[in-house]
Amino acid sequence: MEFLLYQLSLVLAAIANLAMAAGLLSRQKAYKKYPVYYRARLMTILWLAVFAVGYLLHFFLKLRSGWPAAASALTVSYFHWGAICFCWGYIPLLNPDHFNRKLVVSNLIIYIVGLIGYWTVPLLWKEAPLATLLSYSVFFGYCAYYLVVFYKTYNRVSYRLVRMSYGNVSGFVRWMQASCDLILLFGIGSVAITAMFPTDMWPYTALEVVGTLVYAYIVYSLSRYGSVVETASRATESVAAIDMDFNLPQ
């Protein structure tokens, strides 16, 4: 019964993710003139689609019961991709200058190094919890660094937006903190649970349900942000310009 619930949660979560990705994609062209917001939506679409593929691979290959180390490697692989999408899509909503070629190259190099580490473990062992946890150090290190980057950026930008009283951006400020708190806590927590319970089914069944609700809230909020995207974009660009004028770190 536990295995059947786990399998069912994987299929339903994959369908939900693909449906949300399709919903965002259907209105993507309307926001081409707002490149930062357009990229945030695109990164969310890619993140949802990659997670859906990961869920389906778990479903068809039954890795959690037959090859736990590979199941853990697959999970951390798509969660690391989700962290990259957050870095490329959501932090630039606060600081448009954050996204650049150097960021892309460095993040991809780190991701490749991470993938090598994540998948070396299952190629050597069927189940190796300690080695798996050690390989996760790339993911946790990446998340820790950009956790600091995000909250430093958020604190600086939100404070200045409030002081500038720039349009109706209070909802945007609140949404950014709530959404990003959920993304970071759920992402890091899920990978930690993967390390602690490599073979149990019930934690992942719960995670699929909770994850679908978290993603639905983020997609809903991101869609609502579209109604204030022009004002919010001008506001964050103005803050970035002030930072440049005063030579503050980005």
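Our structure is the block above this text.
For the structure given in this document, a descriptive report is provided here. (Residues numbered from 1 in each chain as written. Predicted model: local features only at pLDDT ≥ 70, side-chain atom pairs only at ≥ 80, totals over all residues. Heavy atoms only, no water.)

**Concerning the nonpolar core**
To keep things clear, this is the line we draw: To define a nonpolar core, start from buried Ala, Val, Leu, Ile, Met, Phe, Trp, Tyr and Cys residues and group those joined through side-chain atoms within 4.5 Å. Think of it in three bands: residues with accessible area under 20% of the maximum for their type are buried, residues over 50% are exposed, and the middle band is partly exposed, with areas taken using a 1.4 Å probe on protein chains only. The secondary structure listing takes helices from DSSP runs of H or I that are at least 4 residues long and strands from runs of E that are at least 2 residues long, numbered from the N terminus. Whether two residues are in contact is decided by their heavy atoms: any pair within 4.5 Å suffices.
Core analysis: the largest hydrophobic core is formed by 70 residues, its most contacted members being Y90, L93, F150 and Y215. Residue contributions to this core peak at 14 residues, all from helix α4 (residues 68–89). Other than its neighbours up to four places away in sequence, Y90 contacts A40, T44, W47, C85, W175, M176, C180, I183, I218 and L222.

**Brief notes about a nonpolar patch on the surface**
Note the threshold: Each patch is assembled from residues with relative accessible area greater than 30% and no salt bridge, linking like charges that lie within 9 Å and nonpolar side chains (Val, Leu, Ile, Met, Phe, Trp, Tyr) that lie within 5 Å. Here, Shrake-Rupley sampling with a 1.4 Å probe gives the accessible areas, and only protein chains in the shown set may cover a residue. One side-chain nitrogen of Lys or Arg within 4 Å of one carboxyl oxygen of Asp or Glu is enough to make a salt bridge.
Together, M1, L5, L8, L12 and I15 make up a nonpolar patch on the protein surface, roughly 540 Å² of accessible area in all. Relative to the helices and strands, L5 resides in helix α1 (residues 2–26).

**Some thoughts on the packing of aromatic side chains**
To be explicit about the condition: Each Phe, Tyr or Trp ring (for Trp, its six-membered ring) is paired with any other whose centre lies within 6.5 Å, and the angle between the two planes then decides the class: stacked below 30 degrees, edge-to-face above 60, tilted in between.
Inspection of every chain in the model, using the stated rule, returns 26 aromatic pairs. Judged by centre distance (6.1 Å) and plane angle (45°), the ring pair of W81 and Y111 falls under tilted. Of the two residues, W81 is situated in helix α4 and Y111 in helix α6 (residues 101–124); the sequence distance between them amounts to 30 residues. Like Y111, W81 is buried. One aromatic cluster is present, built from ring pairs that chain together W47, F51, Y55, Y78, F79, F186 and Y215.

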